[in-house]
Amino acid sequence: MTGTDRRSLVQDRFTQVFGGQPTHWVQAPGRVDLMGSHTDYNQGYVLTMSIDRSTWIAARPRPDRVVAIDSINLDARVEFSLDDIQPDPAARWADYVKGVAHTFGAEGYALRGFDGVIHSTVPLSSGLSSSAALEVATAMLFKELGGWVIEPLQIALLCQRAENQFVGVNCGILDQYTSVHGQAGCAVLLDCRHLTGQATAIDPGIQVVICDTRFKRELSGSEYAERRAQCEEGAAILARHYPEIRALRDATLAQLDAHAGDLPDVVQRRARFIIEENQRVLDLSGALAAGDRAAIRALAAASFAGARDLYAISVPAMESMMAAMLAAPGAIGARQAGAGFGGCMVAFVERDRVAQFIPAARDAYQQATNREPHVYAVTAAPGAGALDPA
Ligand code: ADP
Ligand code: MG
């Protein structure tokens, strides 16, 4: 869809649902992690990239304190009062919007009611963080309508809080940070403890390609919470020997090896993955900038092997996609993305072979699984903000 088509789609929907025209437009991108699975809640590093798939909201302020919000993706609509914001299990998607209103309101930011239409090109529930894109777009809209002066980092932190406390999903800061702070044309090396990001170049000959397995294992939410708890347990046991360890980010492999017997076996494996993955983030950021193909391939392969064998977040569909990606023309390296258990994976591909890579990876996966994947190139897009009014 071109930008103009998308504008008309959203504008037409607004007119049909609310009448008249929207006056404010905002966008917030999805993201893909190039390296760093589950390192964010261990206060570690992630090499992350905001992508040219985004959530838009087109809106018009209302004179009352009501928010009427319509989602084109879900063909659903919800209305709520800013003076009585309650989650609704029957329309959970709107909890992301309500959660942002509730959280920023509680921090003293002035909220205005609006009529709004949401449209996203981030696939929902695939690991590219449509949830953070929706939260951050909502915050950007309230900011525009309320004339707030607010630090970008504060927007990311409060959106994370909305997802943690109002929606009830215990995510780390990665998704919201990337959607707010993403930069066009480069990846961001995010330090999840200090909440600082460093723009890092990607060799211009390398294209990032998303390979969506379109498989999602149920119960991935509880598996996620279990792994968080295991990491905390690992860090707590190691801290008895090394008081400077506050999170697995602080631990070294030598320290883990010296006390591996103190940790339950499963905790030891989870900790090993996180400690190794954290180092791979730093290594990949250098390798991508330098265009070091051999290093990229090896680091991505080690990340997937660890995700499968140590962190146990792989599923057969991901194995099939790994094989399909690596066998396709122009493949440099490939790994999982997001939290695992299906969803999207990511390939690094020679830019001049992308046109051959895409159908080959798609066909090989489809043949192996009987499931049609989505395979598409993405580029690094700017972080969230206002769009010009149409
Ligand atoms: P991910 O963030 O990886 O896409 P999540 O499960 O965290 O997956 O968030 C997906 C949920 O976010 C959807 O099920 C829906 O509730 C909400 N959501 C995201 N984008 C939209 C949208 N455009 N319209 C309505 N709800 C959305
Ligand atoms: Mg999410």
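As a reminder, the structure under discussion sits directly above these lines.
Residues numbered from 1 in each chain as written. Chains lettered and ligands numbered in written order. Predicted model: local features only at pLDDT ≥ 70, side-chain atom pairs only at ≥ 80, totals over all residues. Heavy atoms only, no water.

K.L.:
I'm lost on the packing of aromatic side chains in this one. Help?
P.N.:
Aromatic rings in a pair are described by how distant their centres are and how their planes are angled relative to each other. This model, assessed by the stated rule, comprises eight aromatic pairs. For the pair Trp25 and Trp56, a centre-to-centre distance of 6.0 Å together with 85° between the ring planes defines the contact as edge-to-face. In this pair, Trp25 sits in strand S1 (residues 24-35) while Trp56 sits in strand S2 (residues 45-61), placing the two residues 31 residues apart along the sequence. Taken as a pair, Trp25 and Trp56 share a single burial class, namely buried. Between Phe273 and Tyr311, the aromatic rings sit 4.9 Å apart at their centres with planes inclined by 35°, giving tilted as the arrangement. Pair noted here: Phe273 is in helix H8 (residues 265-290) and Tyr311 is in the loop between helix H9 (293-309) and helix H10 (316-327), with a separation of 38 residues, a long-range link. (Phe/Tyr/Trp six-rings, centres within 6.5 Å; stacked < 30°, edge-to-face > 60°. Helix = DSSP H or I, 4+ residues; strand = E, 2+ residues; numbered from the N terminus. Buried < 20%, exposed > 50% of the residue type's maximum accessible area, 1.4 Å probe, protein only.)

K.L.:
Could you clarify how one ought to interpret the pairing of strand S3 (residues 66-71) in this entry?
P.N.:
Side-chain positions along a regular strand alternate between the two faces of the sheet. Burial of S3 is extensive: six of the six residues sit out of reach of the surface. Alternating residues of S3 divide into Val66, Ala68 and Asp70 and Val67, Ile69 and Ser71, and every residue in both groups is buried. Inspection of the sheet shows S3 paired to strand S4 (residues 76-81) by six bridges, in the antiparallel sense. Following the sheet pairing, Val66 is matched in S4 by Ser81. Between S3 and S4, which pair antiparallel one after the other, the connecting turn spans four residues, and Asp75 there sits at a positive phi close to 50°. Where S3 and strand S5 (residues 114-120) come together, five bridges link them in parallel fashion. Counterpart to Ser71 in the pairing with S5 is Ile118. (Pairing = 2+ DSSP bridges.)

K.L.:
Looking at this structure, how should I read the packing of helix H3 (residues 130-146) against helix H4 (residues 152-167)?
P.N.:
For any two helices packed against each other, one specifies the crossing angle of their axes together with the interaxial distance. At a minimum axis separation of 10 Å, H3 and H4 run at an interaxial angle of 125°. In terms of axis orientation, H3 runs oblique to H4. As for how H3 packs across H4, the hand of that crossing is right-handed. Mapping the contact onto sequence places Ser131, Ala132, Glu135, Val136, Ala139, Met140 and Lys143 in H3 and Ile155, Cys159 and Glu163 in H4. Of the residues assigned to the contact of H3 with H4, the class counts are six nonpolar, one polar and three charged. (Axes fitted to C-alpha atoms, helices over the stretch in contact; angles between N-to-C directions. Parallel < 35°, antiparallel > 145°, perpendicular 65-115°, else oblique. Left-handed = near helix turned anticlockwise from the far one by under 90°. Contact = heavy atoms within 4.5 Å. Nonpolar A, V, L, I, M, F, W, Y, C, P; charged D, E, K, R; others polar.)

K.L.:
What should I look at first to understand the side chain of Arg270 in this one?
P.N.:
You can see Arg270 is positioned in helix H8. A distance of 2.9 Å separates a polar atom in the side chain of Arg270 from a polar atom in the side chain of Gln230. Setting aside residues up to four positions removed in sequence, Arg270 forms contacts with Arg227, Gln230, Leu310, Tyr311 and Ala312. (Polar contact = N/O pair within 3.5 Å; in protein donor to acceptor, adjacent residues only side chain to side chain.)

K.L.:
Any chance you could explain the layout of surface pockets here in plain terms?
P.N.:
Gaps left between atoms show up when a probe the size of a water molecule is rolled over them. Reported here for the largest pocket is a volume of approximately 1,200 Å³. Every residue lining the largest pocket is counted, 48 residues in all, and those nearest its centre are Tyr96, Ser125, Ser131, Glu163 and Val169. For the lining of the largest pocket, the class distribution of residues is 18 nonpolar, 21 polar and nine charged. (1 Å grid on protein atoms, 1.4 Å probe; cavity = no way out; pocket = protein on both sides within 12 Å on 5 of 7 lines; lining within 4 Å. Points joined across faces, edges and corners; volume = space filled by probe spheres on them.)

K.L.:
Would you mind showing me how to read the pairing of strand S7 (residues 196-200) here?
P.N.:
In the sheet, strand S6 (residues 187-191) pairs with S7 via five bridges, with the strands oriented antiparallel. Bridge pairing links Ala187 to Thr200 in S7. Count of turn residues in the S6/S7 antiparallel hairpin: four residues, of which Leu195 carries a positive phi of about 55°.

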